[in-house]
Amino acid sequence: MLRVLTGTEVPLGVREVARVAGVSANRASQVLSYLAEHGLVLVEEHGAGRLCRLNRAHLAAGPLVALVELRGRMIEFLRQEIQTWDRRVMHASLFGSAARGDGSTSSDLDLIVVRSDDAADDEVWDEQLFDSGEQILAATGNRAAWFLTSPADLRRAVQAGEPIIGEWRRDGVHLAGRRLDALLREAA
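The rules behind each value
Residues numbered from 1 in each chain as written. Predicted model: local features only at pLDDT ≥ 70, side-chain atom pairs only at ≥ 80, totals over all residues. Heavy atoms only, no water. Axes fitted to C-alpha atoms, helices over the stretch in contact; angles between N-to-C directions. Helix = DSSP H or I, 4+ residues; strand = E, 2+ residues; numbered from the N terminus. Parallel < 35°, antiparallel > 145°, perpendicular 65-115°, else oblique. Left-handed = near helix turned anticlockwise from the far one by under 90°. Contact = heavy atoms within 4.5 Å. Nonpolar A, V, L, I, M, F, W, Y, C, P; charged D, E, K, R; others polar. Buried < 20%, exposed > 50% of the residue type's maximum accessible area, 1.4 Å probe, protein only.

**Brief notes about the packing of helix α2 (residues 14-21) against helix α3 (residues 25-37)**
Running from N to C, α2 and α3 cross one another at 110°; their axes reach a closest spacing of 8 Å. Judged on the interaxial angle alone, α3 and α2 are roughly perpendicular. Here α2 runs over α3; the crossing is right-handed. Contacts from Val14, Arg15, Val17 and Ala18 in α2 reach Ala25, Ala28, Ser29 and Leu32 in α3. Each residue belonging to the contact of α2 with α3 can be placed in one class, and the counts come to 6 nonpolar, 1 polar and 1 charged.

Here it is as structure tokens:
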């Protein structure tokens, strides 16, 4: 709900906040009332309805906005980290709970990396994945879980109908290289 409120200056009804946030109207009403008690949300009564907006003058508003924007900052960090690699990727994307935005402090950051077929035994890959994994852990507090694959392995996974491919398509956040859909079409 904070993501919804930080994303607009326009007052929103409780039902609208609930719909966009993906929670029940009852739960939205409870949370918005709690936030209003603390001065973080301003509420305007309009007949039987209430319009709510983030109180951007509140001392906690800036830190709250920064926290809400943290996922975007993490994705940009991952993009920049991959750009530092000596070996370029054909494709890299974030998937799983971090991509969906429903991960926890103990969740890994699941990353698929497609490298060329001729780089299969290249020790540089291992080193750059290890080094980036350390940078990611230091920056986010979460470990990177690398899913390193090649076009040949991708082709086999597509032909076998591996369920993880659906997760990559559904949840994947593109980080670098070619788009995954294009690689998957070629693999089919």
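**Considerations on the environment of Leu78**
Turning to its location among the elements, Leu78 is positioned in helix α5 (residues 70-83). Residues Leu78 and Ile136 lie 58 residues apart in sequence; the distance between their C-alpha atoms is 7.6 Å. If near-sequence neighbours (up to four positions away) are discounted, Leu78 is found in contact with Leu94, Leu111, Ile136 and Leu175.

**A few points about the environment of Val114**
Counting through the fold element by element, Val114 comes out in strand β5 (residues 109-114). Judged by relative accessible area, Val114 falls into the buried class, the value being 0%. Taking the C-alpha atoms as reference points, Val114 and Ala28, separated by 86 residues in sequence, lie 41 Å from one another. Ignoring anything within four residues of it in the chain, the contact list for Val114 reads Val89, Met90, His91, Thr149, Ser150, Pro151, Leu154 and Leu183.

**A closer look at the side chain of His91**
For His91, the position within the fold is in strand β4 (residues 91-95). Apart from the residues lying within four places of it in its own chain, the contact partners of His91 are Ile112, Val113, Val114, His174, Ala176, Gly177, Arg178, Arg179, Leu180 and Leu183.

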